[in-house]
Amino acid sequence: MTTTIEIGTLITHSNEIKNGKPIITGTGVTVNRIVSWYKLGLTPEEILSRIGHPRLNLAKIYAALSYYHANQQQIETELSEELAEADKFEQEWLQFNQQQ
């Protein structure tokens, strides 16, 4: 007998995990992380191989990508904010190290 999995259960949010960003249930892997690799040209199979999480499978990768396509503006905004924050941190780090 096969077990049917409702795809709506594959992505979740929790303020206690990753500041409420959407994650793949049971993994802590954010949708943003999957999308970032997808936008670099990796296939879902390659993403799965690179992450190597024991609770991750192709269905969950595709669920993350489906979530992205259904909420693209929100995810793109989050990705832009993350990139801006990383750039700011890098600039601060470089300035600090130049003063040393």
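Heads up: the structure comes first, above all this text.
Residues numbered from 1 in each chain as written. Predicted model: local features only at pLDDT ≥ 70, side-chain atom pairs only at ≥ 80, totals over all residues. Heavy atoms only, no water.

Now for the overall build of the chain. Check the secondary structure of the chain and you find 4 helices and 2 strands. For the chain, the N- to C-terminal ordering of α and β elements is β-β-α-α-α-α. Radius of gyration (C-alpha) of the chain: 16 Å, far over the 13 Å computed for a compact globule of 100 residues. Along the first, second and third principal axes, the C-alpha set of the chain runs to 65 × 25 × 25 Å. In the chain, which comprises 100 residues, the share counted as buried stands at 29%. A separation of at least 24 residues holds for 45% of the contacts in the chain among residues at least 6 apart in sequence. (Helix = DSSP H or I, 4+ residues; strand = E, 2+ residues; numbered from the N terminus. Rg over C-alpha atoms; globule rule 2.2 N^0.38 Å. Buried < 20%, exposed > 50% of the residue type's maximum accessible area, 1.4 Å probe, protein only. Contact = heavy atoms within 4.5 Å.)

Attention now moves to unusual backbone geometry. Backbone geometry at Lys18 places phi at a positive 55°, although glycine is not the residue there. Summarising the element assignment, Lys18 is placed in the loop between strand S1 (11-12) and strand S2 (23-24). Owing to a relative accessible area of 46%, Lys18 belongs among the partly exposed residues under this scheme. Phi at Asn19 takes a positive value of approximately 55°, unusual for a residue other than glycine. On the secondary structure map, Asn19 appears in the loop between S1 and S2.

As enumerated under the stated definition, the model contains 3 salt bridges in all. With its nearest N and O atoms 2.9 Å apart, the salt bridge here joins Lys21 to Glu82. Of this pair, Lys21 sits in the loop between S1 and S2 while Glu82 sits in helix H4 (residues 72-99), placing them 61 residues apart in sequence. A relative accessible area of 30% means that Glu82 is categorised as partly exposed. (Salt bridge = Lys/Arg side-chain N within 4 Å of Asp/Glu carboxyl O.)

Right, let's talk about H4 for a bit. With 28 residues, H4 extends 41 Å between its outermost C-alpha atoms, agreeing within 8% with the 40 Å of an ideal straight helix rising 1.5 Å per residue. Burial in H4 covers these residues: Ile75, Glu78 and Leu79. In this fold, the buried residues of H4 make contact with helix H1 (31-39) and helix H3 (58-70). (Expected span 1.5 Å × (residues − 1).)

A few words now on the nonpolar core. Of all hydrophobic cores here, the largest spans 19 residues; its most connected members are Ile11, Ile24, Val31, Ile34 and Ile75. Residue assignment for this core shows that the elements contributing at least two residues are H1, helix H2 (44-51), H3 and H4. By residue number, the principal contributor to this core is H3, which donates 6 residues. Once residues lying within four places of it in the same chain are set aside, the contact partners of Ile75 are Pro22, Val31, Asn32, Val35, Tyr67 and Tyr68. (Core = buried A, V, L, I, M, F, W, Y, C linked by side-chain atoms within 4.5 Å.)

Turning to H1, its buried residues are Val31, Asn32, Ile34 and Val35. Down the axis, H1 shows its buried residues gathered within 160° of arc, on one side only. Directly beyond the C-terminal end of H1, a positive phi value near 105° is found at Gly41. (Arc of directions from axis to C-beta.)

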